[in-house]
Amino acid sequence: MTRLSQKLTMKLKEALVAVMPVVAILLILSFTVAPIPTGVVMSFLVGAALVMIGMMFFTLGAEMAMTPMGEKVGAKMTQSRNLILIVFLAFVLGVIVTISEPDLQVLAHLVPSIPNSTIILAVAIGVGVFLVVAILRMLLNISLAPLLIVLYIIAFSLVFFVPQEFRAIAFDSGGVTTGPMTVPFIMALGIGVCAIRDDKNAADDSFGLVALCSIGPILAVLILGMVYMPDSGQVDVAAAHNAADSVELRKMFSGELPTYMLEIAMSLLPIIVFFGLFQIFALRLRGRSLKKIIIGLVYTYIGLTLFMTGANVGFMPAGSYLGNVLGGSYKFILIPIGALIGFFIVKAEPAVYVLNQQVEEITDGGISANAMGMSLSVGVAVSVALAMIRVLTGIPILCFLIPGYAIALGLSFFTPKIFTAIAFDSGGVASGPMTATFLLPLAQGACSALGGDMVSDAFGVVAMVAMTPLITIQILGLVHRIKQRKGTPADIALAQFEEDDIIEL
């Protein structure tokens, strides 16, 4: 019991470090240039408390359940050597974990003129297909970079056949659907698949699943856009409810809590059923291992329920109100304020912690969690600043995405393979629920105050957040490569990747 208390205390400290800077920024702004009603501030603070407690339970639950489940399923599935079975299970698993993703429901409501069920099914099938592609890439030892180049060329070709107002939403979908439910399981699945390989490229190839699975939703939504040809539609900005007193504030959260309890339960159910069947017919885990996974699933459920309640009820309205105030009176500080918030808010993404820890473990400390965290923070800061420039100027999103992805794909020719895979994974990981519930409403509020087009100007924040880490993480890889050549002791752990520093096309 003492050991559990120590772990929870450590996770709570990590959550405090991640969330408190965002709280401090909003409070400073609310007492200076952006006055916010007291009820909205109080709901934000309650939401922040729930987000921190939720992160504490979720990160512990991911370590105990989601990661071991993914690794064991991936290893056992690959050991069968039955290619048809592997393809079938990978497709089913991709569909299941995507339908389980809470953020997919948000995306479905945002896309105009297309039925929600159609969006969900299309995106789930897209992820299922590309999870199959990702696993086959690992098994056949196919280089990731050429595959990414071909797929993004296809995506950017399709984008010209859908309405301009729809393009940002299509690229947002790639980041939104790789969230806290999908990422830990899929990343662990990759590690499990590569665990049975003994070649020198196994560690490199254990990353890249999230990168490929992020492309599936983009292509699926673009194809739907070509079929339905939706117009810009109407988008509702999150309303900031100014609670009159503490009782009304309590009712706000207690009224929404059952909704998220049910939503997260329904999200976890398909994964639990799949793992249960896999456990009965293949894994047959017993004793402590199985008990640990079950307890971890309970922690994951509690954590995600509290996190999503706090983010949606507390963070989303506050972000929208802040954006509206800044856009109306102090529009030119939107860019630096957005960059500052972006720098810190990525640390509060639940799946970012999972990514950073897995990278540090798989590289034996050669790529530290701190280095990953700093690179992600810089990338997201730049992306939010660029998103605010779009809100202010109305510049089309392709003017940013095309050169951004061109730079990212160009860097892949010079960066060590493992950094390329990690970088493209990190794009999907960084654009999670905190982006959807705070940064997107921030942009929407500012866009509303400025009188811009909500769909074409405000949307695209998630796409920008998913793009810039591809560049910053690969720059981190180039720095490590230079240090390796100089024989820096801190980079000795990366020596195992030295022979594969340059991607062979």
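Rules used in this analysis
- Residues numbered from 1 in each chain as written.
- Predicted model: local features only at pLDDT ≥ 70, side-chain atom pairs only at ≥ 80, totals over all residues.
- Heavy atoms only, no water.
- Axes fitted to C-alpha atoms, helices over the stretch in contact; angles between N-to-C directions.
- Helix = DSSP H or I, 4+ residues; strand = E, 2+ residues; numbered from the N terminus.
- Parallel < 35°, antiparallel > 145°, perpendicular 65-115°, else oblique.
- Contact = heavy atoms within 4.5 Å.
- Nonpolar A, V, L, I, M, F, W, Y, C, P; charged D, E, K, R; others polar.
- Salt bridge = Lys/Arg side-chain N within 4 Å of Asp/Glu carboxyl O.
- Buried < 20%, exposed > 50% of the residue type's maximum accessible area, 1.4 Å probe, protein only.
- Core = buried A, V, L, I, M, F, W, Y, C linked by side-chain atoms within 4.5 Å.
- Expected span 1.5 Å × (residues − 1).
- Bend = angle between axes of the 7 residues up to and from the residue.
- Polar contact = N/O pair within 3.5 Å; in protein donor to acceptor, adjacent residues only side chain to side chain.
- pLDDT = per-residue confidence, 0-100.
- Patch = residues over 30% accessible without salt bridge, like charges linked within 9 Å, V, L, I, M, F, W, Y side chains within 5 Å.
- Areas by Shrake-Rupley, 256 points an atom, 1.4 Å probe, with all protein chains shown as cover.
- Phe/Tyr/Trp six-rings, centres within 6.5 Å; stacked < 30°, edge-to-face > 60°.

**So, the packing of helix α1 (residues 2–30) against helix α13 (residues 334–345)**
Any two packed helices are characterised by the angle at which their axes cross and by the distance between the axes.
Okay, so step 1: Remark: α1 packs on α13, axes separated minimally by 8 Å, with the N-to-C direction vectors making an angle of 155 degrees. By the angle between their axes, α1 is roughly antiparallel relative to α13. For the pair α1 and α13, contact is made by Ala18, Pro21, Val22, Ile25 and Leu29 and by Ile337, Leu340, Ile341, Phe344 and Ile345, respectively.
Okay, so step 2: Of the residues in the contact of α1 with α13, the class split is 10 nonpolar, no polar and no charged.

**Things to note about the pattern of salt bridges**
Okay, so step 1: Taken as a whole and judged by the stated rule, the model has one salt bridge.
Okay, so step 2: Lysine 11 is the partner of glutamate 63 in a salt bridge, and the nearest nitrogen-oxygen pair spans 2.5 Å. In this pair, glutamate 63 is assigned in helix α2 (residues 38–79) and lysine 11 in helix α1, connecting sequence segments 52 residues apart.
Okay, so step 3: Its relative accessible area of 33% is what places glutamate 63 among the partly exposed residues.

**Notes on the nonpolar core**
Okay, so step 1: Membership of the largest hydrophobic core comes to 163 residues, with the highest contact counts inside it found for Val19, Phe315, Leu322, Ile341, Leu401 and Phe438.
Okay, so step 2: When residues of this core are assigned to their parent elements, the largest contribution, 15 residues, is made by α2.
Okay, so step 3: In contact with phenylalanine 315, other than residues within four places in its own chain, are Val19, Val22, Phe44, Gly47, Ala48, Val51, Gly310, Met434, Thr437 and Phe438.
Okay, so step 4: Grouped together as the second largest cluster of nonpolar side chains are six residues, Phe57, Leu60, Met64 and Tyr299 included.

**Focus: helix α12 (residues 287–329)**
Okay, so step 1: With 43 residues, α12 extends 61 Å from end C-alpha to end C-alpha; this agrees with the ideal 63 Å at 1.5 Å per step.
Okay, so step 2: Helix geometry: α12 is bent most strongly at phenylalanine 315, by close to 35 degrees, with proline proline 317 lying one to four residues after it.

**A word on the environment of serine 377**
Okay, so step 1: With respect to the helices and strands, the residue serine 377 is situated in helix α15 (residues 369–393).
Okay, so step 2: A relative accessible area of 0% means that serine 377 is categorised as buried.
Okay, so step 3: Measuring from C-alpha to C-alpha, the distance between serine 377 and phenylalanine 343 comes to 4.4 Å, with 34 residues separating the pair along the chain.
Okay, so step 4: Of note is the side chain of serine 377, whose polar atom sits 3.0 Å from the backbone oxygen of phenylalanine 343.

**Digging into helix α8 (residues 182–195)**
Okay, so step 1: Compared with the 20 Å implied by 1.5 Å per residue over 14 residues, the 20 Å span of α8 between its first and last C-alpha is a close match.
Okay, so step 2: Extensive coverage of α8 is indicated by the burial of 13 of its 14 residues.

**A word on the confidence of the model for the chain**
Okay, so step 1: Chain-level statistics for the chain give a pLDDT mean of 84 and a share of 90% at 70 or above.
Okay, so step 2: By mean pLDDT, helix α9 (residues 202–205) is the weakest element of the chain at 66, and helix α16 (residues 398–411) is the strongest at 94.
Okay, so step 3: Scored below 50 in pLDDT, residues 495–505 shows 33 contacts in the model against residues more than four places distant or in partner chains.

**Section: the side chain of threonine 309**
Okay, so step 1: Locating threonine 309 in the fold gives a position in helix α12.
Okay, so step 2: Judged by relative accessible area, threonine 309 falls into the buried class, the value being 1%.
Okay, so step 3: At a separation of 2.7 Å, a polar atom in the side chain of threonine 309 contacts the main-chain carbonyl oxygen of threonine 305.
Okay, so step 4: Not counting chain neighbours up to four residues away, the residues in contact with threonine 309 comprise Leu50, Phe253, Leu257, Tyr260 and Gly314.

**Looking at unusual backbone geometry**
Okay, so step 1: With phi around 55 degrees, asparagine 141 is a residue other than glycine that occupies positive phi space.
Okay, so step 2: By the element assignment, asparagine 141 lies in the loop between α5 (116–140) and α6 (144–158).
Okay, so step 3: Accessibility expressed as a relative area gives 36% for asparagine 141, which makes it partly exposed.
Okay, so step 4: At arginine 284, a position not held by glycine, the phi torsion is positive, near 55 degrees.
Okay, so step 5: Of note, arginine 284 is situated in the loop between α11 (246–283) and α12.

**As for the environment of aspartate 453**
Okay, so step 1: Looking at the secondary structure, you find aspartate 453 in the loop between α18 (433–450) and α19 (454–458).
Okay, so step 2: By relative accessible area, aspartate 453 is classed as partly exposed at 32%.
Okay, so step 3: Measuring from C-alpha to C-alpha, the distance between aspartate 453 and glutamate 165 comes to 8.6 Å, with 288 residues separating the pair along the chain.
Okay, so step 4: In contact with aspartate 453, not counting residues within four places along its chain, are Glu165, Cys447 and Ala458.

**Side note on a nonpolar patch on the surface**
Okay, so step 1: A surface patch of nonpolar side chains, amounting to about 690 Å² of accessible area, comprises Phe160, Phe161, Ile223, Met226, Val227, Tyr228 and Ile402.
Okay, so step 2: Sort the elements by how many residues they give to the nonpolar patch and helix α10 (residues 209–228) lands first, with four residues.
Okay, so step 3: With respect to the helices and strands, the residue phenylalanine 161 is situated in the loop between α6 and α7 (164–176).
Okay, so step 4: Judged by relative accessible area, which is 54%, phenylalanine 161 ranks as exposed.

**Quick look at the environment of proline 433**
Okay, so step 1: Mapped onto the elements of the fold, proline 433 is located in helix α18.
Okay, so step 2: Overall, the relative accessible area of 1% leaves proline 433 in the buried class.
Okay, so step 3: Not counting residues within four places of it along the chain, the set of residues in contact with proline 433 comprises Asp103, Pro180, Phe307, Met308, Glu349 and Pro350.

**A closer look at the packing of aromatic side chains**
Okay, so step 1: Tallied over the entire structure, the rule returns 10 aromatic pairs.
Okay, so step 2: Considering the side-chain rings of phenylalanine 44 and phenylalanine 438, the 6.3 Å spacing of their centres and the 45 degrees angle between planes classify their relative orientation as tilted. Of this pair, phenylalanine 44 sits in helix α2 while phenylalanine 438 sits in helix α18, and the two are 394 residues apart along the sequence.
Okay, so step 3: For phenylalanine 44, a relative accessible area of 0% puts it in the buried group.
Okay, so step 4: In this structure phenylalanine 438 comes out as buried when scored by relative accessible area, which is 1%.
Okay, so step 5: Considering the side-chain rings of phenylalanine 315 and phenylalanine 438, the 5.8 Å spacing of their centres and the 70 degrees angle between planes classify their relative orientation as edge-to-face. Highlighted residues: phenylalanine 315 in helix α12 and phenylalanine 438 in helix α18, separated in sequence by 123 residues.
Okay, so step 6: Taken together, the ring pairs connect Tyr152, Phe156, Phe171, Tyr405 and Phe424 into an aromatic cluster.

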